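Chain and residue survey
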Amino acid sequence: MTDHLHPEHSSVPRSLRRPLLGAALMGTALSLLGMAPAVLAQRRGQEEEIVPGRYRNNPQVEAFTARMTSQHGYDRAALDTLFAGTVYSATVARLIMPAASPARKNWAVYRSRFVEPIRINAGRRFWQQNEATLRRAEAEYGVPAEVIVGIIGVETIYGRDTGGFRVMDALATLAFDYPDTPNREARSKMFLGQLEDFLLWCRDSRMDPFSVLGSYAGAIGIPQFMPTSIRAYATDFDGDGRIDLRNSPTDAIGSVARFLQMHGWEPGRPVVWDIAQDEGSRGVAAAGADGEPYPQRTLDQFVTAGLRLAAPVDVRAEGQTSVLVVDLPSPGRPVEYKLGLRNFYVLTRYNRSFFYAQAVYDLGQAVKATSPV
């Protein structure tokens, strides 16, 4: 699990589609979601079938609400009312499960889903519309504009797809009814913490918990922060007195930059170095690819073993730089290898997947190449 707690990360992104909401629950859904009937009618084909009443008089929920009351001063009756309106989501429980037959990792396919014309063009527009904010974030936090743009593009296509699940329902489902898997206890505990932080954030922000929509795992807004990350890293970058990751690109930009800075981003330093394609270099890279995201070996160690870099690097000056091998396999093709530096590791704090971190970097570079900077 990453520091960002992006529980739904995988080499193949899951869909956020939601099946039809039961007609018998329509009146309840209207009141809880705060939607006009015409708006909800347009979304019927995307809504999911849900189970009402599961968290009313539920022993697990009662233990949780007792703790929220004693530790955080919540009104018990208000929490009881909140959970009485919270619904179990079978779709969330299904989507959080690992695939029964995991597909072979395919970097070429994964990359093509993110580094493609729609995202690149949307990224160029986003950069143009928010250039001053991106530059301010770069100056204050040391994170390049293209990295921020890459993350937001991969996450939500610049706010276009932020998820349609009620976060209250999703987090309750995963906290109290996580599917039967070997890591169920640990995952349930993690989502219980997310639910706690979600409720605290909603109270601090004076928001109705039922008004917040997000991913099936509870990630929220333009940058898809989990509630714990919102409370720890998000910032009011537009200075309006509140943090709004759902509607404020400025807050989203500042929060992504602050998150990366607080996880150790090194300003002015590379993210990756390309490895030469000769057989010896590839062999050394393959031997050093252990899947760990933290840089533990030095450039000197790899060079001494026979690895060469594709572009000139001052090995004398950079010899003690800590690096890791980034392996990007595609079926039927040679594995693509790179050396990741500290900043690559920082990207994996947002999402632990090497595919994700490299796609963020590549998308940012592609958008930068088309943007007037």
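Calculation rules
Residues numbered from 1 in each chain as written. Predicted model: local features only at pLDDT ≥ 70, side-chain atom pairs only at ≥ 80, totals over all residues. Heavy atoms only, no water. Salt bridge = Lys/Arg side-chain N within 4 Å of Asp/Glu carboxyl O. Helix = DSSP H or I, 4+ residues; strand = E, 2+ residues; numbered from the N terminus. Buried < 20%, exposed > 50% of the residue type's maximum accessible area, 1.4 Å probe, protein only. Core = buried A, V, L, I, M, F, W, Y, C linked by side-chain atoms within 4.5 Å. Phe/Tyr/Trp six-rings, centres within 6.5 Å; stacked < 30°, edge-to-face > 60°. Lys NZ or Arg CZ within 6 Å of the ring centre and 35° of its normal. Pairing = 2+ DSSP bridges. Contact = heavy atoms within 4.5 Å. Axes fitted to C-alpha atoms, helices over the stretch in contact; angles between N-to-C directions.

A short note on the pattern of salt bridges
Once the charged atoms of two side chains with opposite charge are near each other, the side chains can pair. For the structure on display, the rule yields 18 salt bridges. Note that Arg-54 and Asp-177 form a salt bridge whose closest N and O atoms lie 3.2 Å from each other. With Arg-54 in the loop between β1 (50-51) and α3 (59-72) and Asp-177 in the loop between α10 (167-176) and α11 (184-205), this pair connects stretches of sequence that are 123 residues apart. Ionic pairing is found between Arg-308 and Asp-278, a salt bridge with its closest N-O pair at 3.0 Å. In this pair, Arg-308 sits in the loop between α15 (299-305) and α16 (315-318) while Asp-278 sits in the loop between β5 (272-274) and α14 (279-288), placing the two residues 30 residues apart along the sequence. Residue Arg-308 is classed as partly exposed on the basis of its relative accessible area, which comes to 48%.

Some details on the nonpolar core
Among the nonpolar cores identified, the biggest contains 93 residues, and Phe-191, Phe-198, Leu-199 and Leu-260 are the most heavily contacted of them. Top contributing element to this core by residue count: helix α18 (residues 354-370), with 9 residues. Judged by nonpolar contacts, the second largest core, of 13 residues, contains Ala-285, Leu-299, Tyr-337 and Leu-341.

Topic: the packing of aromatic side chains
Following the criterion strictly, the structure yields 19 aromatic pairs and no others. Ring geometry for Tyr-55 and Phe-176: centres 5.7 Å apart, planes at 50 degrees, overall tilted. Of this pair, Tyr-55 sits in the loop between β1 and α3 while Phe-176 is found in helix α10, placing the two residues 121 residues apart along the sequence. The burial state of Tyr-55 is the same as that of Phe-176; both residues are buried. Here the aromatic residues Phe-225, Tyr-233, Phe-259, Tyr-350 and Tyr-356 are joined through ring pairs into a cluster of three or more. Above the plane of the ring of Phe-237 lies Arg-136, whose end atom (NZ or CZ) is 3.7 Å from the centre. Positioned above the aromatic ring of Tyr-74, the side-chain terminus of Arg-203 is 4.4 Å from the ring centre.

Brief notes about the sheet that holds strand β8 (residues 336-340)
Read across the open sheet, the 4 strands follow the order β5-β8-β7-β6; overall the sheet is antiparallel. The two strands at the open ends of the sheet, each matched to only one other strand, are β5 and β6 (297-298). Pairing between strand β7 (residues 322-328) and β8: 5 bridges, direction antiparallel. From the neighbouring strand, Val-326 faces β8, where its bridge partner is Lys-338. Running over the sheet, α14 touches β6, β7 and β8 and is turned about 70 degrees from β8.

In short, shape yes, function no, at least from these values alone.
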